[in-house]
Amino acid sequence: MNAVAFRPRMPPITFTDEDFKGVDYRQQDDPMVIAVDIDRFTIRKTLVDQGSSVDILYCKTFKAMRMAEAKMMPYDDHVVGFSGERVGTKGYIDLYTTFREGKSTRTIKIRYLVIDANTSYNILLGRPSINRLMAIVSTPHLAMKFPSRSGDILTVHVDQKEARECYAESLRVEPLRADTSPLRVRKSSRKKRSPRKDRPREIEPTMALVDLDPRATEDRLEAREELRRVPLLDKEHSTVVGTALAVVEAEIMHAALKKNIDMFA
């Protein structure tokens, strides 16, 4: 008999105009910055990043929470940033993290890599925690929805003002000197494991990938051809298409954009 992979059941999740609680509806491409509760702390400036393959607790946050370093487990791999820089890890720690909407909450255990990096954020939540939470992120609504233990749908909203402040600060911070070595430490087997300081190091190419903050590092892309503006709803809601497109192709694209206008900010 063939084994059938378990597939978790997800309740329907939808977004409406009422879900947007920001201060500026005209510009909604701000980063997803929320607050979470860990232990007795409410940690603001938590970045939800679907481009990250790991969850990160920055070293400055770890120290501010006054946690014992003994709770941190060793982790020898590097993570690789958007532009190829390699960042060493201090270790990892499992922490129960609570997401809150009013009095309704959902708590999950998240494994954080502890990284020493100069950033305007305190925590970065990547795909592992987003998937465990079964969350759906909508950047046009600046909101994230996920089911509670009882099956209700909870909504966490972005603080748009704080999100913009974090992003502006991230453009000004000086990055710490990164480990540019293309190698990482491979863990030894349990049978041959020796004390950490004397353990021989074996090397292999790094494989762990994480996007730390692409908006602060990637260059803005510019079109090579001339563009023309086409309306979607009115003059305030429009987009641009390349003039190199054939007339028929441009009409098809324009119709598709107008039909799916609710998908764009």
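Residues numbered from 1 in each chain as written. Predicted model: local features only at pLDDT ≥ 70, side-chain atom pairs only at ≥ 80, totals over all residues. Heavy atoms only, no water.

### Observations concerning the packing of aromatic side chains
At step 1: A complete count under the given rule lists two aromatic pairs for this structure.
At step 2: Between Tyr 75 and Tyr 92, the ring centres sit 6.4 Å apart and the planes meet at 90°, which makes this aromatic pair edge-to-face. On the criterion of sequence distance, the pair formed by Tyr 75 in the loop between α1 (59-64) and β4 (78-80) and Tyr 92 in strand β5 (residues 86-101) is long-range, its members being 17 residues apart. Both residues of the pair, Tyr 75 and Tyr 92, belong to the buried class.
At step 3: Here the aromatic rings of Phe 99 and Phe 146 are separated by 5.9 Å at their centres, their planes lie at 65°, and the arrangement is edge-to-face. Taken together, the residues Phe 99 in strand β5 and Phe 146 in strand β9 (residues 143-147) connect sequence positions 47 residues apart. Assigned by exposure class, Phe 99 and Phe 146 land together as buried.
At step 4: The ring of Phe 15 carries Lys 145 above its face, with NZ or CZ at 4.9 Å from the centroid. (Phe/Tyr/Trp six-rings, centres within 6.5 Å; stacked < 30°, edge-to-face > 60°. Helix = DSSP H or I, 4+ residues; strand = E, 2+ residues; numbered from the N terminus. Buried < 20%, exposed > 50% of the residue type's maximum accessible area, 1.4 Å probe, protein only. Lys NZ or Arg CZ within 6 Å of the ring centre and 35° of its normal.)

### Side note on the pattern of salt bridges
At step 1: Throughout the structure, instances matching the rule amount to eight salt bridges.
At step 2: When the shortest N-O distance is used, the salt bridge between Asp 37 and Arg 100 registers 2.8 Å. Of this pair, Asp 37 sits in strand β1 (residues 32-38) while Arg 100 sits in strand β5, and the two are 63 residues apart along the sequence.
At step 3: What makes Asp 37 buried here is its relative accessible area of 14%. (Salt bridge = Lys/Arg side-chain N within 4 Å of Asp/Glu carboxyl O.)

### A look at the nonpolar core
Proteins that are soluble and globular tend to have nonpolar side chains buried together.
At step 1: Membership of the largest hydrophobic core comes to 49 residues, with the highest contact counts inside it found for Ile 34, Ile 38, Phe 99, Tyr 112, Leu 125 and Met 144.
At step 2: The element that contributes the greatest number of residues to this core is strand β6 (residues 104-115), accounting for six residues. (Core = buried A, V, L, I, M, F, W, Y, C linked by side-chain atoms within 4.5 Å.)

### Structural notes on unusual backbone geometry
At step 1: With a phi close to 60°, Asp 39 is a non-glycine residue in the positive phi region.
At step 2: Locating Asp 39 in the fold gives a position in the loop between β1 and β2 (41-48).
At step 3: On the accessibility criterion, Asp 39 (57% relative accessible area) is exposed.
At step 4: Phi at Leu 142 takes a positive value of approximately 50°, unusual for a residue other than glycine.

### What about helix α3 (residues 160-170)?
At step 1: Of all the residues in α3, the buried ones are Gln 160, Glu 162, Ala 163, Cys 166 and Ser 170. When α3 is viewed along its axis, its buried side chains cluster within an angular range of 160° and face the same direction.
At step 2: Its buried side turned inward, α3 meets β1 and β2. (Arc of directions from axis to C-beta. Contact = heavy atoms within 4.5 Å.)

### Observations concerning the confidence of the model for the protein chain
At step 1: A residue-level look at the protein chain finds 71% of positions with pLDDT of 70 or above and a mean pLDDT of 75.
At step 2: Segment residues 178-223 is flagged for pLDDT under 50; beyond a separation of four residues in sequence, or across chains, it makes 80 contacts in the model. (pLDDT = per-residue confidence, 0-100.)

### Side note on the side chain of His 141
At step 1: In this structure, His 141 sits in the loop between β8 (136-138) and β9.
At step 2: On the basis of relative accessible area, His 141 is assigned to the buried category, the value being 14%.
At step 3: Only 2.6 Å separates the side chain of His 141 from the side chain of Ser 138, close enough to count as a polar contact. (Polar contact = N/O pair within 3.5 Å; in protein donor to acceptor, adjacent residues only side chain to side chain.)

### So, the sheet that holds strand β10 (residues 153-157)
At step 1: Here three strands make up an open sheet; going across it, the order is β8-β9-β10 and the pairing antiparallel. The open sheet is flanked by β8 and β10, the only strands paired with a single partner. Strand-to-strand, the axes of this sheet are offset by a mean angle of 20°, without reference to chain direction.
At step 2: Where β8 lies against β9, three bridges are found, and the strand directions are antiparallel. For Val 137, the partnering residue across the bridge sits in β9 and is Met 144. (Pairing = 2+ DSSP bridges. Axes fitted to C-alpha atoms, helices over the stretch in contact; angles between N-to-C directions.)

### Details of the environment of Tyr 167
At step 1: Topologically, Tyr 167 is positioned in helix α3.
At step 2: Residue classification places Tyr 167 among the partly exposed positions, given a relative accessible area of 22%.
At step 3: Considered as a pair, Tyr 167 and Thr 119 are 48 residues apart in the sequence and their alpha carbons are 9.8 Å apart.

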